[in-house]
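# Results of the structural survey
The residues making up each chain are set out below.
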Amino acid sequence: MEILKVEDLSFCYPGEKEPVLKDISFSVAEGEFLCLSGATGCGKSTLLRLLKKELSPKGDRSGRILISGENIDDLDSAEKIGFVMQSPDEQIVTDTVWHELAFGLENIGMKREKIALRIAEIASYFGMSAWYDKKTSELSGGQKQMLNLAAVMAMSPDILILDEPTSQLDPIAASEFISTVKKLNRELSLTVIITEHRLEEVIPVSDRIMIMKDRGIAHLGSPRDIVSRVGDSPEILASMPSAAQLYHAVDGEGQCPLDVREGKRFIETGFRADHTALTSEKYTHSEEKALEFKQVFFRYAKETQDVLDSLSLTVYSGEAYFILGGNGSGKTTALGAASGLLKPYSGSIRVFEKKLKEYKNNSLYSGCLALLPQEVETLFLSNTVREELIDAYEEAKMLPIDVDTLLDKHPYDLSGGEKQLIALAKVLSQKPRILLLDEPTKGIDAVSKQRLAEVLRLLKKNGITVVAVTHDVDFAAMCADRCAMFFRGRVVAENTVREFFSDNSFYTTPINRMTRGYYSGAVTVSDCVELCRLNGVRDGAAV
Amino acid sequence: MRSFAEYNPIAVTLYFILVTGVTMFVSDPIFTAVSFLGAVLFTLMRGGEGQLKRHIFSLILFFITALVNPLVSHNGVTVLFFINDNPITLEAVIYGCFNALMIVTVLYWFSAFSGIMDSDKLLYVFGAFSPKVALVLSMALRYIPLFSERQKRVRSAQTAVGLYKDGNVPDRVRGGVRVFSIMTTWALEKGIVTADSMSARGYGQGRRSRFTPFRFYFCDFLLIIISVIATAVSVWLTADHKFVFYPALQFPSVTVTNLLGYAAYGTLVLFPVINDLKEEIRWRYLRSKI
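Residues numbered from 1 in each chain as written. Chains lettered and ligands numbered in written order. Predicted model: local features only at pLDDT ≥ 70, side-chain atom pairs only at ≥ 80, totals over all residues. Heavy atoms only, no water.

What the rule picks out here adds up to 37 salt bridges over all chains. Salt-bridge contacts for E375(A) lead to R150(B); the nearest nitrogen and oxygen are separated by 2.6 Å. Of the two residues, E375(A) is situated in the loop between strand 16 (369-372) and helix 11 (385-388) and R150(B) in helix 6 (residues 131-160); the pairing between them involves two chains. For R150(B), a relative accessible area of 6% corresponds to the buried category. (Salt bridge = Lys/Arg side-chain N within 4 Å of Asp/Glu carboxyl O. Helix = DSSP H or I, 4+ residues; strand = E, 2+ residues; numbered from the N terminus. Buried < 20%, exposed > 50% of the residue type's maximum accessible area, 1.4 Å probe, protein only.)

Here is the structure:
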């Protein structure tokens, strides 16, 4: 049965000449899991907001939206439609977990006893009993987003709409979140409509995928069908699973692989393995040490545990050094210590062979070292991008985006990727010789990620040392010279990027997993494509 | 039965208001002494960290406030000695001691109160007046840590790109103003998201109900009734018993009726101690059977 039907929907924001959405028609069946994708600015979020009356943007709307056959304007949708947004923090309204769960139910005037039962049910279902009494400010990002989902689910909606819910989460929390949504979909027959940047997780669980382009629907159909049809638009392809990217890069035919298992089969049945490895030059670093940690110990408070536990590492000048590791492994803390924001209680940190303490009066930050924080919004001071870039226009000019079209916008109104690049330009205007990046790919789409990788390559060419902390193994594989794995406040493995990922079994790229035991040293899609081309198609294989 | 801290917060608040009210406003050393005894016993009983510091602090505070009165007030007929030609009188010394004891006692009660009442409970008590007030307070409590955390991040982000200098005072002020301006923009911007999140969950659609994790049990009513009756009885029965400090000390003798009044207040003041002692004994007994 159709639970949602959209007929000829067009929408135009006030003051804009061009509509954001034009003649959109589709319907969603009850219990369906629909994934919505498209380049940034294609109107995904606008469409989602139009489906939720309380959040509908103001503007000219034509066409009809029917929910269970009723027009959306005649309906109180607070209970019927749940909506989860991007940022975990700002969606939380109250100070305690239990109050947050009860908030929506209080709003609709539910009786006290019924609320007590409902939130007991929800807390048990989501496994939240252990943190039921906690303050919301004490939760981790993943827990916060799970709480937002639980708080929406407490109102038992028929349709759940999620607008890039995992973009601010680390991969482990993100995949836990997606599997919880899938569980709700399966067990409660809940209708789910979701948008995402990273489709690797969502595609396998979706029933249908809708790709938006040029203000309308470009494709709508089953995942496999859609994935094999998007080869012609690089923007959309970039967000697809690695297996699908590989399939398109080698002009594959037949069934398109969606995950690692199918990707492995695709490679092994399709291509020969006469050459198992790429010949690559041996990586050599310069002799100058750009950043050196020597047995550094750090903890946040006297009674707590060491976050950096005898950390020693060396980054050489001109290289891209990527630090990977789970939550709480001390990655971000290490960056804080390197930038002089956190003071270790023992050990020494040297930047260009000079102790941090010897950089007096902020001389460290002028022309030497700069940190791009995780939340780049903390860098913005002005009301327009133009003012923001007053001292950084030159740097902004070399970015792979058209800065001039953004100049009059408010920095908060930019997309995640644009924000990241503008902030990077600001940081670069301080002319650092060593640039620290904290989770540079958080909250940005696949295309922006490629742009960022381009910028990093450019910086390396200019001799700037880059030290980045990330959860994003694909990004590290694309950009790094050397990688280090952090665990419990120290480096447990450190190697050049190919060797690093080839030695890891779990913490590695999907491409490396697909080619394991068949090819060696392939970590990115382009590595694998090169290897496949080198080897050639197997006789009689349908590729 | 429950420990005193687990009673319904409204009953507990009422209890503290009445006990400290009598201590503060009924100027009677016997009340103060009884109240002091109850407060100290309860504090000792609850234990916890920093006990010793609290007692030492109280002792010092007692001596300082007790000393100040005779130095500034020279009323009274019994002159003990002179400092710089100013008479120090026995009456002023005794009044000073009485006042100091009262202040120390009230502080003991306050610290016990704040130890029992966490933000959830305070919110519940204030929210009893209006669900709207409860929500506003809850949101404020949510925003304060969020804001201070954010402020810290902005500051370090600005520092690490060399924009925030704290070398000298003008730089520091300029930096501070800048951080504040970012924070304002951010708060307004993020406020929109929070507002969306609220209306998406039906805020403002109709009459709100209110969910709290606290309930009223029989013993909560009992505590309220005991508190009100004991306070009324003790004030009423001791109304004719007036202490006079100035110009000369007058301690009228205590009648049997007065004594009953003091006993009533004593019962009230010792209620938490008796309650918790009983709980402790009961718990030990129950545990011995596990």
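Next comes the rest of the account.
Taken together, the contact pairs 60 residues of chain A with 52 residues of chain B. Here chain A meets chain B over a buried area of about 4700 Å², counting both sides, of which 55% is carbon and sulfur. Applying the counting rule to chain A against chain B returns 7 salt bridges. Between E375(A) and R153(B) there is a salt bridge, with the nearest N and O atoms lying 2.4 Å from each other. In this assembly, chain A and chain B are joined by 26 residue pairs in polar contact (both at pLDDT 80 or more). Elements with a contribution of two residues or more to the side of chain A that touches chain B: helix 2 (97-107), helix 3 (112-125), helix 4 (141-153), strand 16 and helix 13 (416-428) of chain A. At 9 residues, helix 2 of chain A tops the list of elements feeding residues into the side of chain A that touches chain B. (Contact = heavy atoms within 4.5 Å. Buried area = accessible area lost by both parts, 1.4 Å probe. Polar contact = N/O pair within 3.5 Å; in protein donor to acceptor, adjacent residues only side chain to side chain.)

All names here are of chain A. Spatially, 6-7-8-3-9-10 is the arrangement adopted by the 6 strands of the open sheet, whose pairing is mixed. Edge positions in the sheet fall to strand 6 (81-84) and strand 10 (216-221), since each of these pairs with one other strand and no more. When the angles between neighbouring strand axes are averaged without regard to direction, this sheet yields 15 degrees. Strand direction decides the pairing type here: strand 7 (residues 159-163) and strand 8 (residues 191-195), joined by 5 bridges, are parallel. Each residue of the ladder has a partner; that of L160, found in strand 8, is V192. (Pairing = 2+ DSSP bridges. Axes fitted to C-alpha atoms, helices over the stretch in contact; angles between N-to-C directions.)

Note: interface size is frequently given as the accessible area lost on complex formation between the parts. Per the domain assignment, the segments of chain B are domain 1 (4-118 + 215-288) and domain 2 (123-200). Centre-to-centre, using C-alpha coordinates, domain 1 of chain B lies 40 Å away from domain 2 of chain B. (Domains from an automatic or database assignment.)

Residue and element names in this part refer to chain A. Take T195: it is sitting in strand 8. Its relative accessible area of 0% is what places T195 among the buried residues. Taking the C-alpha atoms as reference, T195 lies 27 Å from K264; in sequence the two are 69 residues apart. Other than its neighbours up to four places away in sequence, T195 contacts L36, K44, L48, L162, D163, E164 and P165.

Residues and elements named next belong to chain B. Under the defined criterion, the tally for this structure stands at 33 aromatic pairs over all chains. A centroid spacing of 6.2 Å and a plane angle of 70 degrees characterise the contact between F4 and F271, whose relative ring orientation is edge-to-face. Residue F4 is found in the segment before helix 1 (9-25), and its partner F271 is found in helix 9 (residues 256-288); the two are separated by 267 residues along the sequence. We classify F271 as buried; its relative accessible area is 17%. Between F36 and Y108, the aromatic rings sit 6.2 Å apart at their centres with planes inclined by 75 degrees, giving edge-to-face as the arrangement. You can see F36 sitting in helix 2 (residues 29-46) and its partner Y108 sitting in helix 4 (residues 90-116), a full 72 residues away along the chain. For F36, a relative accessible area of 28% gives the class partly exposed. Ring pairing ties together the aromatic residues F4, Y7, Y15, F16, F42, W109, F113 and F271, which thus form one cluster. (Phe/Tyr/Trp six-rings, centres within 6.5 Å; stacked < 30°, edge-to-face > 60°.)

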